Amino acid sequence: MTAIVNSLNWIILWYLIALSFCYVVLLAASIPDIFYRFAESETGDIKKILHIKALRPVTVIISAHNEENNILDTIYSVFKNTYPEMHIIVVNDGSTDNTLTILKKTFNLIKINNLIPQIVTTKGKIKGYYISHYGIKLTVIDKENTGKSDSLNTALNTCRTPLFITLDADSVLEPDAIVNAIFYMMTHENTLAVGGAVYILNGCTVKNGEIIEKKMDRRPLYALQTCEYMRSFLFSRSGWNMLGGGLSYAGAFTLFNHRAVIDVGGFDTENLAQDFEIITHLHEYMRQKKKPYTIGYTAAAVAWTDVPGTMKELWKQRINWQRDTLRSMLLHVRMLFNPRYGIIGMFTYPFFLFGETLGVVVEFTAYFLVVLSWYYGILDTYWAILLFVICWGFVTFLTMATAFMSFVTYNKYHRLSDLPLLLLVVLTESFGYRQLLVLCRIKATVSYFIKKLLFWK
Amino acid sequence: MNFGYHFAEDFIIFGFAFIALITLFTFLLKIYFFIEKKIKNKKKLKIKHYLMRFMHPQQKFSTKRFLYRLKRLDIFLQVINEFDTTIPGKHWEEMRSKLITDVMIPLAKKAINSFSWYTRYYAAQTFCLMPAPGNDHYLIKLLNDSVPLINLRGAEAALLNFSEPAMNRLVARIASEDWGKQIIDLSVFDYDKIDKGNFFEKKLRSSKDPMIRAVCYEIMLRYPQRRIQWDITPDVTSSNIDLKIAAIKYIAYVDREAAIPLLIESLKNPLWKIRLIAIHRLGMLHADSAIPQIAACLDDSDLWVKMSAIEVLKNMGKEGDKALRSSGIAPEQIASDVIQFNTWW
């Protein structure tokens with residue numbers, strides 16, 4: 001037993017060292033992004049650079065299911081965006097609340113007959129197609145509830161602009177978000193998708209789609225998620241951006257090339273992590289076709305979104321994310337260490353598979369071994385401390401570095417006292433919250449593989 | 001066990017040192033850009049003061065050495081932009097011309113090879129300021145740049161300088177792009193003050209490539225009308241949809257009588273894009289004879305075609321209005337701004 005535990009301990013230690021090294025590389029890679037942000041801030045106003053007519057029209061697609069409390073703020077925030085050539089398609093995905101009623105009343109919607117072509121196959125039956133009598137560029141599609149991916153595909157079939165943005169119905173855009181995303185596209189060749197940064201809306205004051213006061217919600221669950229999102233968007237995605245593009249961009253706000261998404265068959269309706277899946281699919285497709293492309297990220301394009309407020313909602317969300325990310329990773333497993341896929345196949349994909357998705361198995365095993373060792377009286381305190389320090393220490397240091405970088409550079413939060421709170425949360429994140437998420441994700445992983453095995457049998 | 005504790009100690013110290021280093025680096029970056037902005041503003045003031053000294057018409061403008069030493073195209077561009085709006089007059093125009101020719105263009109030629117895309121962009125902007133013949137090589141470099149924004153400025157510069165090699169390169173590039181990028185590149189021709197229709201007509205006569213022909217038609221829509229002196233029938237009946245659409249649009253632009261029957265025929269085309277263009281163009285031509293056929297499109301399966309038909313009929317006087325009312329659709333209920341979708345076609 002001791003020999004087995006020791007062997008496993010060494011494997012876990014080397015795994016953690018390798019993972020830590022990758023994170024250091026990512027952090028180092030994210031620093032040039034800060035440099036570019038500062039440099040870009042003087043020339044980022046695309047309206048001064050391009051004539052109005054030259055801007056490519058964009059459709060903002062919002063899929064809404066029971067969003068009566070948020071939908072108006074989301075739409076108003078889009079209208080308040082400074083980008084001139086913009087249209088909005090809202091897909092009411094079988095809401096059982098007053099989402100459609102509110103939209104009809106606010107925008108004076110009239111129902112019209114329209115046949116939506118099936119450029120991408122969709123499942124949900126369309127119940128109604130509405131345009132606004134006020135002459136604003138808003139279309140609402142009412143359909144039965146078949147999920148976000150199918151709703152996005154339905155909107156894709158209606159969308160006639162060369163670019164579109166996916167926006168969550170509980171998100172609020174900053175006024176220059178679309179301009180900044182388009183600016184990224186105009187400064188990088190063959191851009192297929194541009195992901196934006198997502199901050200947490202809970203705790204902020206929103207009025208008619210405009211964020212009046214940006215502050216961190218001090219309730220523990222929201223503060224912990226703020227910490228997570230910040231680490232993810234200001235460090236991880238920035239880093240991947242410099243290394244050739246990541247696999248994960250926020251479904252809450254991403255700009256896509258319409259043609260490219262149609263070419264890969266639209267969004268995967270079997271997958272709730274459709275944002276992850278579409279990006280991975282685009283990478284795979286373009287590498288297979290050997291066409292030059294860019295999938296990028298800009299921290300300047302910002303959306304603020306609501307996050308789960310209870311443990312039950314968070315648990316459910318993370319189980320879905322883990323299961324669907326795993327599914328997506330295994331669907332594209334041919335990319336694994338395949339030189340045909342360049343840096344995506346040789347570094348990005350393996351990292352996401354072994355580091356992000358299956359890393360939870362290693363972490364869970366580490367905790368399990370500690371408990372098992374203690375039970376059998378063979379617990380080696382040295383190893384326990386070592387593993388814990390690496391686990392806790394590294395994540396904490398990285399997140400603290402990101403927090404400081406964030407406050408010096410982007411500084412979205414108006415309240416100075418948010419920084420000490422954020423640092424406290426960073427220090428305590430690994431004492432309970434992280435372990436809870438590990439449990440949740442391991443449950444999702446195990447149940448996914450069991451279902452797959454049963455299905456295979 | 002001691003080793004574990006020592007390792008933990010070292011690790012924590014390393015960690016905090018790492019955080020401090022990253023934070024310090026970020027602060028330094030912020031300070032660097034703050035200072036850089038201050039320096040830029042100072043240099044801008046210097047240039048402005050220098051130029052103001054020569055504002056008197058009696059003064060002969062001299063591009064002194066210090067202007068070359070500054071080597072900041074972005075600052076020169078800002079100053080020129082400000083002076084253009086605040087100091088009109090022939091004297092400033094002469095000074096401006098000398099400044100661009102003697103100082104900025106040589107700087108721009110070097111800047112085109114810069115690693116930084118901002119610098120290359122400023123170079124492209126410089127070539128857009130005034131015609132500077134003999135720079136085909138540089139214009140083509142701008143058109144071949146990997147940054148779309150620089151390509152756009154390069155396209156403007158190519159038009160301003162009217163260099164044939166650069167124009168050929170521009171047309172070839174537009175022909176290879178998707179529709180979304182074409183919208184942007186074709187828009188530079190909207191602001192072209194000199195009629196270059198001869199060049200594109202010559203290209204239409206010589207080129208067999210359908211996409212290049214389609215681009216030439218699209219560009220010629222932005223110049224004054226000219227009689228069709230080549231056989232356009234193969235283009236109108238082409239299997240290449242882009243060429244077909246472009247040719248139809250061009251006929252509608254230059255030859256109303258020949259266009260109307262062709263457009264009416266196109267209303268039955270299975271492709272929504274062609275039906276849409278046909279309705280839109282019939283509306284622009286005020287083709288009253290086509291009202292019954294346009295009214296038939298009110299039942300079209302495509303929303304955009306339908307809305308376009310409604311908008312066109314609304315603007316076709318009493319007959320159009322009558323056709324709308326007999327269809328059962330009350331025009332005032334329909335949001336006319338939806339038809340703004342059509343402005344891209």
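Calculation notes
- Residues numbered from 1 in each chain as written.
- Chains lettered and ligands numbered in written order.
- Predicted model: local features only at pLDDT ≥ 70, side-chain atom pairs only at ≥ 80, totals over all residues.
- Heavy atoms only, no water.
- pLDDT = per-residue confidence, 0-100.
- Contact = heavy atoms within 4.5 Å.
- Buried < 20%, exposed > 50% of the residue type's maximum accessible area, 1.4 Å probe, protein only.
- Helix = DSSP H or I, 4+ residues; strand = E, 2+ residues; numbered from the N terminus.
- Pairing = 2+ DSSP bridges.
- Phe/Tyr/Trp six-rings, centres within 6.5 Å; stacked < 30°, edge-to-face > 60°.
- Lys NZ or Arg CZ within 6 Å of the ring centre and 35° of its normal.
- Patch = residues over 30% accessible without salt bridge, like charges linked within 9 Å, V, L, I, M, F, W, Y side chains within 5 Å.
- Areas by Shrake-Rupley, 256 points an atom, 1.4 Å probe, with all protein chains shown as cover.
- Salt bridge = Lys/Arg side-chain N within 4 Å of Asp/Glu carboxyl O.

Caption draft 1: How the structure looks around the confidence of the model for chain B. Residue and element names in this part refer to chain B. Across chain B, pLDDT averages 84, with 92% of residues at or above 70. Segment residues 335-345 is flagged for pLDDT under 50; beyond a separation of four residues in sequence, or across chains, it makes 35 contacts in the model. Here the prediction assigns the complex a pTM of 0.87, and the interface score ipTM is 0.83.

Caption draft 2: Structural view of the pairing of strand β4 (residues 126-132) of chain A. Residue and element names in this part refer to chain A. Most of β4 sits out of view: five of its seven residues are buried. Where strand β3 (residues 109-112) meets β4, four bridges bridge the pair, whose relative direction is antiparallel. Bridging across to β4, isoleucine 110 finds its partner in isoleucine 131. Note that β4 and strand β5 (residues 138-143) share five bridges and pair antiparallel. Along β5, the bridge assignment pairs isoleucine 126 with lysine 143. The hairpin turn running from β4 into β5, its antiparallel successor, is five residues long, and glycine 135 in that turn takes a positive phi close to 80°.

Caption draft 3: Focus on unusual backbone geometry. Residues and elements named next belong to chain A. The residue asparagine 108 is not glycine, and still its phi comes out positive at about 50°. When you line up the elements, asparagine 108 lands in the loop between α4 (99-107) and β3. On the basis of relative accessibility, which here comes to 29%, the residue asparagine 108 falls in the partly exposed class. At lysine 290, a position not held by glycine, the phi torsion is positive, near 55°. Residue placement: lysine 290 occurs in the loop between α9 (274-289) and β12 (294-305). Its relative accessible area of 70% is what places lysine 290 among the exposed residues.

Caption draft 4: Spatial organisation of the packing of aromatic side chains. All chains considered together, the criterion is met by 37 aromatic pairs over all chains. Taken together, a centroid distance of 5.5 Å and an interplanar angle of 40° make the contact between A:Trp240 and A:Phe352 tilted. Here A:Phe352 lies in helix α11 (residues 342-357) and A:Trp240 lies in helix α7 (residues 220-242), a separation of 112 residues in the sequence. A:Phe352 carries the same exposure label as A:Trp240, and that label is buried. Measuring from ring centre to ring centre gives 6.4 Å for A:Phe347 and A:Phe351, while their planes differ by 40°; the resulting arrangement is tilted. Within this pair, A:Phe347 and its partner A:Phe351 are both found in helix α11, separated by four residues, close to a single helical turn. The structure contains a cluster of three or more aromatic residues connected by ring pairs, namely A:Tyr23, A:Trp240, A:Phe276, A:Phe347, A:Phe351 and A:Phe352. The lysine or arginine in question, A:Arg160, covers the ring of B:Trp272, its NZ or CZ lying 3.9 Å from the ring centre. Of note, A:Arg237 hangs over the ring of A:Phe233, and the distance from its end group to the ring centre comes to 4.1 Å.

Caption draft 5: How the structure looks around a nonpolar patch on the surface. Taken together, A:Met1, A:Val370, A:Val371, A:Trp374, A:Tyr375, A:Tyr376 and A:Leu379 make up a surface patch of nonpolar side chains, about 790 Å² in accessible area. As for its placement among the helices and strands, A:Tyr375 is situated in helix α12 (residues 359-376).

Caption draft 6: Summary view of the pattern of salt bridges. Using the criterion set out here, one finds 40 salt bridges over all chains in the structure. Across the pair A:Lys143 and A:Asp150 runs a salt bridge, and its minimum N-O distance is 3.9 Å. Like A:Lys143, the residue A:Asp150 is buried in the burial classification. Between B:Glu257 and B:Arg256 there is a salt bridge, with its nearest N and O atoms 3.6 Å apart.

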